[in-house]
Amino acid sequence: MGTLYFSVATDLIEIDAEKPSERAVERAAASLRRGGVIAIPTDALYTLVADPLNLHAVGRVFEAKGRERDRSLPLLVYDLVMAAEMCKEMPARFVLLARHFWPGPLTIIAPASSRVPLKVTGNSGRIAVRQSKSKVANALLERLGQPLISTSANKSGTPTCTSGIEVFGMMDGCVDLILDGGLAVGPGATTVDVTEPYWKVIKEGAIQEKEIAEVLKGT
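Residues numbered from 1 in each chain as written. Predicted model: local features only at pLDDT ≥ 70, side-chain atom pairs only at ≥ 80, totals over all residues. Heavy atoms only, no water.

Draft legend 1. Representation of unusual backbone geometry in the model. Across the junction of tryptophan 102 and proline 103, the peptide omega takes the value -10°, indicating a cis bond. Summarising the element assignment, proline 103 is placed in the loop between helix H4 (92-101) and strand E5 (106-111). Positive phi, close to 65°, is recorded for leucine 45, a residue that is not glycine. By the secondary structure assignment, leucine 45 is in strand E3 (residues 45-50). (Helix = DSSP H or I, 4+ residues; strand = E, 2+ residues; numbered from the N terminus.)

What follows is the structure, encoded as structure tokens:
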């Protein structure tokens, strides 16, 4: 996975993560429409975003990270309605957790709808989705009207980048654009699988397992 088959000129734009300019958002959206891969700050560190419905863009994300193709790529959604479009079904646990923790650092795994390319699910048929508090992410989701791949901004096996400059140092030539909103710190998002018959935490981050258990008590 170490060979990079393409190299792009990586641009970096400084932004206000709480009030991203229209110009920066439109430039990022235009890049995503062309199949680009960009890095943005979120409420769960920096993430790489791309169009999950564009298989060329999906392949570029795997290549940029050096990520195994059998690992799924999580999605950012604007709201529960957009999440429902990406999921074949939304178990009651999914809705309970989303209503309690979204927007926020909780990624929920559910069966993927037929709209989601199998490649995005890592050939598993399941998809991980999250609604972020990030003003940058939500501005892009609203502008594009569709979900976005959202996977940690790093090379696989290394820590997630916490600043735009750090992303540039690690991924120059691998991504088209970096929106540098300064430091994004924190433990990252928690991932929970709610597919039947049991739920389980796959990765613990900002939200603790006991908090999830409290919400799902009795389900």
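Draft legend 2. Representation of the sheet that holds E3. Across the sheet, 10 strands lie side by side as E1-E8-E2-E3-E7-E4-E6-E5-E9-E10; this open sheet has mixed pairing. Each edge of the open sheet is held by one strand with a lone partner, namely strand E1 (11-14) and strand E10 (200-203). Sheet topology note: the E1/strand E8 (residues 177-180) ladder contains four bridges and is parallel. Paired with aspartate 11 across the bridge in E8 is leucine 177. On top of the sheet, helix H5 (residues 135-144) reaches strand E2 (38-42), strand E4 (75-76), strand E7 (148-152) and E8; it is set at about 125° to E2, its chief contact. Packed onto the sheet, helix H6 (residues 164-171) meets E1, E2, E3 and E8 and runs at close to 155° relative to E8. (Pairing = 2+ DSSP bridges. Contact = heavy atoms within 4.5 Å. Axes fitted to C-alpha atoms, helices over the stretch in contact; angles between N-to-C directions.)

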